[in-house]
Amino acid sequence: MKLAKFLSVLCLVLAFQAAEAGPKIDHWLAPSGARVYFVENHGLPILDVQVDFAAGSAYDQPGKDGLASLVHALLDMGVQGMDEMQISNRLADLGALLAGGVGMDRASVSLRTLSADDKRIPALEIFRAILSSPQFPAAVFEREKARSVAALKEALTRPDTIASRAFWAAMYPGHTYGRYATPETVNGLQGADLVAFYRSHYTARRATVTIVGDVSRTQAEALAQQLSSDLPADAGAAALEVPELPAANEQRIDHPAAQAHVLIGLPALRRGDPDFFPLLVGNYSLGGGGFVSRLMKEVREKRGFAYSVYSYFLPLAQPGPFQIGLQTKKAQANDALKVTRDVLAGFLAQGPSKAELQAAKQNLVGSFPLRLDSNRKILENVSVIGFYGFPLDYLDRYTENVEKVTAAEIKAAFARHVKPENMVTVVVAGE
Amino acid sequence: MLYLKLIPFLLFLATPAVALANPFEQQLANGLRVIVKEDHRAPTVAHMVWYRAGSMDETNGTTGVAHLLEHMMFKGTPTTGAGEFSRLVAAAGGRDNAFTSKDYTAYFQQVPKQKLAQMMQLEADRMRHLTLDAKEFAQEIKVVMEERRLRTEDQPQALLGEQMGAMAFQAHPYRVPVIGWMNDLESMTVQDARNWYERWYVPNNAFVVIVGDVDHRAVFKLAEKYYGPLKPRALPARKPQDEPGQSGMRRLTVKAPADLPVVLMAYKVPVLRDVEKDVDPYALEMLASVLDGHEAARFSKSLIREQRLAVSAGVGYDATARGPGLFYLQGSPSEGRTRAELEAGFRAEITRIVKDGVDADELARARAQLVASQIYKLDSMFAQAMEIGQLETAGISYRQDKRIIEKLQSVSAEQVRAVAQNYLRDEQLTVAELDPQPLPQTPRVPSATPRH
């Protein structure tokens with residue numbers, strides 16, 4: 001016993017020494033009130049800037065679902081002094097790339113530009129205008145509304161979309177995470193809704209600015225202030241409510257597809273929860289570790305039931321889902337569902353084996369450098385750290401936090417977060 | 001003394017030459033080429049093995065075998081058990097996968113640099129020593145059929161693309177989908193997989209691409225050690241199977257459960273064969289950029305934003321391929337507009353190019369984007385390795401990558417106009433339409449109210 005303890009302590013010490021540090025992250029508050037995160041990196045003549053706002057689709061008011069996405073889509077379609085064509089043409093002339101997305105919590109807008117002054121400075125000026133003076137022109141709004149409705153109608157014929165929506169609705173009854181845009185809600189949106197949403201959610205206080213690449217600290221400070229100082233004044237928009245856990249239930253939805261889409265899960269994990277590392281490491285063995293997980297072995301390798309089968313935790317500002325998913329031909333949907341449930345029950349009862357735990361740590365620790373081997377990946381990681389307010393040494397301590405997870409902690413964490421009595425199941429196109 | 005003094009001088013001279021030589025290349029005695037691009041920005045490496053064998057090398061009745069074999073490559077050798085390959089890569093902190101195309105099959109691992117030797121050992125092992133066990137095959141073919149259901153059978157746009165290929169090409173094996181026809185999968189045997197493996201999985205039909213924080217000399221030594229002992233074997237003759245000329249429009253319709261109609265138009269066009277002499281493939285690339293290179297390019301500006309004829313409209317063209325080329329126009333009409341109207345809208349845009357040419361601004365914009373993209377790609381080791389592999393499988397040296405960019409930059413407005421006129425003609429066109437069908441029993445969209 002003593003020896004075993006000693007050994008594990010030794011392993012920890014070794015792990016600490018082997019632990020790899022993340023990039024050096026500078027952090028400050030811009031005079032505007034925006035939080036800024038900066039990784040200086042002159043390896044390539046590139047600058048990446050991402051601005052994240054607490055303006056994701058979870059902030060859609062009931063009946064106005066789809067608003068957050070449309071606001072985001074229209075940011076670069078007309079600003080003070082430039083119409084949508086001028087914006088796109090100028091960015092293309094500079095070779096700059098504008099990107100972004102809307103998740104549950106976050107609306108992100110990012111710019112990649114060459115760092116040379118003659119490219120960077122004008123590109124940042126356009127970026128500032130996009131964030132600070134979108135005009136939401138009425139004609140553009142009507143057009144984009146129609147495009148959005150067309151895309152939604154198409155998506156609603158797809159078995160994966162139908163399954164995903166039913167799944168979120170079942171997990172989050174009465175909560176904003178469980179609602180989604182429909183053709184009706186989007187058609188009902190007015191221009192004034194866009195302006196109001198923008199003014200209350202695209203504020204400096206709700207923003208984090210992440211800067212990675214070929215600029216100096218002084219330049220980074222200036223550009224963070226430039227991008228955030230003209231944002232709308234903070235009006236104290238509402239925060240997200242805590243969801244209630246659903247009672248276990250199962251839904252079957254007909255569809256002509258050849259394959260059934262199966263989803264199982266529940267609201268499970270909030271960003272910053274101390275159980276994050278036990279759940280991450282445990283889930284690797286259950287269904288997160290690509291080709292080596294239990295689900296992959298039992299569902300795909302042993303039985304040939306599915307091409308893809310997985311499980312993951314999606315931590316959000318409020319508890320985000322734990323989700324298992326697979327697709328299998330109609331006739332064997334029930335068999336595949338049973339195998340999946342057995343695997344989950346077995347894992348909840350026993351936790352990972354010693355060998356599984358070791359394999360999980362080996363991969364998660366060993367692959368750490370791969371999480372950060374490009375500016376793009378550094379940007380992704382640091383923007384999450386900034387948006388959710390993680391400690392600045394989160395990446396530095398990542399491998400250490402993985403290493404110290406025990407099998408008992410995994411079992412206990414799963415027992416706290418993955419309770420069968422709250423688990424919902426959705427099967428679309430089953431038999 | 002003189003000798004000693006010379007050495008630092010030589011080193012000094014040699015350094016820039018070394019920098020210019022990156023990527024480095026060596027061919028082993030068994031024919032395997034090893035291409036190493038040093039990139040020291042992060043302590044990781046991408047390791048890829050490319051086989052010049054894709055679905056275009058398949059024969060009737062065994063379509064999909066190239067891709068099936070890709071799956072079987074993870075099912076073990078005498079020294080590495082079934083599933084062990086991925087387990088070892090995962091234990092090394094790595095990520096691995098593989099992909100099959102019409103032209104090639106490629107395998108990759110992204111690992112911390114210390115693990116490169118082990119990856120080379122594993123890849124070398126399965127290059128010649130795959131077990132191809134009948135039981136493993138019987139499970140895996142089911143997985144592949146599920147993959148086909150997931151990615152093709154239940155994806156209206158994929159079905160449309162599959163039918164398009166089968167109609168645009170009648171003789172060339174590009175007519176066959178990479179994943180294979182379902183009935184061929186249903187009747188595939190482990191012997192089909194063995195035949196395929198024996199035919200194509202030899203070092204003289206492969207090349208290795210390594211991009212990352214490595215010293216090329218050390219990598220060449222490792223390559224010699226692991227890949228060197230593998231025996232080459234003569235490859236079967238590859239018949240050209242050239243597609244006969246097309247002399248009239250072809251048209252097909254796919255009906256599938258969906259809501260949005262799709263128009264997919266494909267014109268027969270050339271691809272890059274000779275980096276120095278060719279002109280048209282470069283002009284076609286620039287044409288694609290003028291039509292669909294950014295949000296205000298012609299298709300978006302005219303078809304989506306001004307005329308509101310389409311909710312989406314795009315262009316597809318890949319100038320590097322082993323087989324024949326297609327220049328695709330694809331889009332979905334806006335509500336209330338028809339597929340025929342969108343097709344006419346596409347044609348009108350092409351006619352406008354043929355009649356009025358393209359503006360200097362438009363070409364300058366496409367060039368600016370090209371220059372920037374060359375810098376941006378350096379941010380990803382994986383992307384750099386992919387580029388090398390794709391050029392090489394198409395029979396173009398990766399060493400010509402900069403020359404290709406220069407050639408693209410030198411395309412004139414008249415050359416762009418000329419390719420539109422010469423190739424985007426009805427005689428060379430195949431049109432595929434997705435005719436969306438309502439779901440037989442429209443599922444009730446679940447409401448947001450709780451239901452237990």
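For the structure, see preceding data.
Visitor: Mind laying out the sheet that holds strand β10 (residues 320-329) of chain A, listing which residues take part and the relevant values?
Guide: All names here are of chain A. Spatially, the five strands line up as an open sheet ordered β7-β11-β8-β10-β9, and their pairing is mixed. The open sheet has two edge strands, β7 (249-253) and β9 (309-313), and neither has a second partner. If you compare each strand with its neighbour and ignore which way they point, the axes differ by 10° on average. The pairing of β9 with β10 spans five bridges and is classified as antiparallel. Counted as the bridge partner of Y312 is Q323 from β10. The sheet strands contacting helix α12 (residues 333-350) are β7, β8 (259-269), β10 and β11 (424-428), and the helix crosses β10 at an angle near 145°.

Visitor: I'd like a rundown of the packing of aromatic side chains, residues and numbers included.
Guide: For the structure shown, the criterion picks out 37 aromatic pairs over all chains. Ring centres 6.5 Å apart and planes at 80° place the aromatic pair A:W168 and A:Y177 in the edge-to-face group. A:W168 gets classed as buried once you look at its relative accessible area, which sits at 13%. The exposure class of A:Y177 is buried, given its relative accessible area of 0%. Taking 5.9 Å as the distance between ring centres and 40° as the angle between the ring planes, the aromatic pair formed by B:F99 and B:F108 counts as tilted. Each residue in the set A:F276, A:F277, A:F368, A:F387, A:Y388, A:F390, A:Y394 and A:Y398 is aromatic and connected to the rest through ring pairs, giving one cluster. Note that A:R106 overlies the ring of A:F387, its terminal NZ or CZ placed 5.7 Å from the centroid. A cation over an aromatic ring shows up here: B:R126 above the ring of B:F74, its NZ or CZ 4.7 Å from the ring centre.

Visitor: Which residues make up the nonpolar core, and what values go with them?
Guide: Residues and elements named next belong to chain A. By size, the foremost hydrophobic cluster in this structure holds 138 residues, and its most contacted members are V49, F127, Y202, I211, F322 and F414. Residue contributions to this core peak at eight residues, all from α12. When residues of this core are sorted by domain, at least three fall in each of domain 1 (24-228) and domain 2 (249-428). Once residues lying within four places of it in the same chain are set aside, the contact partners of V49 are V109, S110, L111, L124, F127, V209, T210, I211, L223 and L227.

Visitor: If you had to explain helix α2 (residues 65-72) of chain B to someone new, which residues and values would you point to?
Guide: The buried fraction of α2(B) is high, at eight of eight residues. The set of residues buried in α2(B) consists of B:V65, B:A66, B:H67, B:L68, B:L69, B:E70, B:H71 and B:M72. Tucked inside the fold, the buried residues of α2(B) contact α11 (294-301) of chain A together with β4 (95-100), β5 (105-112), α5 (134-153) and α8 (190-200) of chain B.

Visitor: Lay out the side chain of B:E243 in plain terms, naming residues and giving numbers.
Guide: Residue and element names in this part refer to chain B. With respect to the element layout, E243 can be found in the loop between α9 (216-226) and β7 (250-257). A distance of 2.8 Å separates the side chain of E243 from the backbone nitrogen of Q170, its partner in a polar contact. Only 2.9 Å separates the side chain of E243 from the backbone nitrogen of H172, close enough to count as a polar contact. Among residues more than four places away in sequence, those in contact with E243 are A168, F169, Q170, A171, H172, R250 and K268.

Visitor: Tell me about the environment of B:T100, and name the residues and values.
Guide: Residue and element names in this part refer to chain B. Tracing the backbone shows T100 in strand β4. Classification of T100 by relative accessible area gives buried; the value is 15%. Spatially, the C-alpha atom of T100 lies 9.4 Å from that of L69, the residues being 31 residues apart in sequence. For T100, the residues in contact, after removing those within four places along its chain, are A66, H67, E70, T105 and V178. Among the polar contacts listed, one links the side chain of T100 to the side chain of E70, at a separation of 2.4 Å.

Visitor: Talk me through the pairing of strand β2 (residues 35-40) of chain A; I want residue IDs and the actual numbers.
Guide: Where a strand is regular, its side chains alternate between the two sheet faces. Residue and element names in this part refer to chain A. As paired strands, strand β1 (residues 26-29) and β2 are joined by four bridges and run antiparallel to one another. The residue bridging W28 from the neighbouring strand is V36, located in β2. Connecting the antiparallel pair β1 and β2 is a turn made up of five residues, with G33 showing a positive phi of about 105°. When β2 meets strand β6 (residues 207-213), the two strands line up parallel, connected through six bridges.

Visitor: Quick one: what's the story with the interface of chain B and chain A, residue by residue and with numbers?
Guide: Taken together, the contact between chain B and chain A spans 63 residues of the former and 73 residues of the latter. Our count for the contact surface shared by chain B and chain A stands at six salt bridges. Here A:E301 makes a salt bridge to B:K75, at a shortest N to O gap of 3.6 Å. Inspection of the region where chain B meets chain A yields 31 residue pairs in polar contact (both at pLDDT 80 or more). Breaking the side of chain B that touches chain A down by element, the ones donating at least two residues are α3 (84-91), β4, β5, α5, α11 (298-306) and α13 (360-376) of chain B. Top element by residues in the side of chain B that touches chain A is α5(B). It accounts for 10 residues. The class makeup of the residues in the side of chain B that touches chain A is 27 nonpolar, 14 polar and 22 charged.

Visitor: Provide a residue-level description of the sheet that holds β2(A), including the pertinent values.
Guide: Adjacent strands of a sheet pair through backbone hydrogen bonds, lying either parallel or antiparallel. Pairing is mixed in the open sheet, where six strands are placed in the order β1-β2-β6-β3-β5-β4 (chain A). The open sheet has two edge strands, β1 and β4 (97-102) of chain A, and neither has a second partner. Averaged over all adjacent pairs, the angle separating strand axes in this sheet is 15°, with direction ignored. Both strand β3 (residues 46-53) of chain A and β6(A) contribute to a ladder of seven bridges, which runs antiparallel. Following the sheet pairing, A:D52 is matched in β6(A) by A:T208. Relative to the sheet, α13(B) contacts β3, β4 and β5 (107-114) of chain A, its axis offset from that of β5(A) by approximately 100°.

Each value, and the rule that gives it
- Counting starts from 1 at the beginning of each chain's written sequence and moves along it residue by residue.
- Here every chain gets a letter starting at A, and every ligand a number starting at 1, in the order they are written.
- At least 70 in pLDDT is required for a residue's local features to be given in this predicted model, at least 80 for side-chain atom pairs to be given and counted, and no such filter applies to totals for whole chains, interfaces and linings, which use all residues.
- To get the side-chain values, all heavy atoms of the structure are used, and hydrogens and water are removed first.
- One bridge is not enough; two strands pair if DSSP finds at least two bridges between them.
- Secondary structure counts use DSSP, requiring at least four H or I residues in a row for a helix and at least two E residues in a row for a strand, with both numbered from the N terminus.
- Helix axes are fitted only over the stretch in contact, all axes being lines through C-alpha atoms; the angle between N-to-C directions runs from 0 to 180 degrees.
- Contact criterion: two residues are considered in contact whenever any of their non-hydrogen atoms come within 4.5 Å of each other.
- Pairing of aromatic rings covers Phe, Tyr and Trp, the last through its six-membered ring, and needs centres within 6.5 Å; plane angles under 30 degrees mean stacked, over 60 mean edge-to-face, and all others mean tilted.
- Only protein chains enter the accessibility calculation, which uses a 1.4 Å probe. A residue is then buried if its area is under 20% of the maximum for its type, exposed if over 50%, and partly exposed in between.
- Only lysine NZ and arginine CZ atoms are considered, and such an atom sits over a ring when it is within 6 Å of the ring centre and within 35 degrees of the ring normal.
- We define the nonpolar core as a collection of buried residues of types Ala, Val, Leu, Ile, Met, Phe, Trp, Tyr and Cys that are connected through side-chain atoms lying within 4.5 Å of one another.
- Annotation comment: domain bounds sourced from an automatic or database domain assignment.
- Two N or O atoms count as a polar contact when they lie within 3.5 Å, although within protein this holds only if one can serve as hydrogen donor and the other as acceptor, and sequence-adjacent residues are included solely when both atoms are side-chain atoms.
- Here, a salt bridge means any side-chain nitrogen of Lys or Arg that lies within 4 Å of a carboxyl oxygen of Asp or Glu.
- In this classification, the charged set is Asp, Glu, Lys and Arg, the nonpolar set is Ala, Val, Leu, Ile, Met, Phe, Trp, Tyr, Cys and Pro, and all remaining amino acids, among them Gly, are polar.

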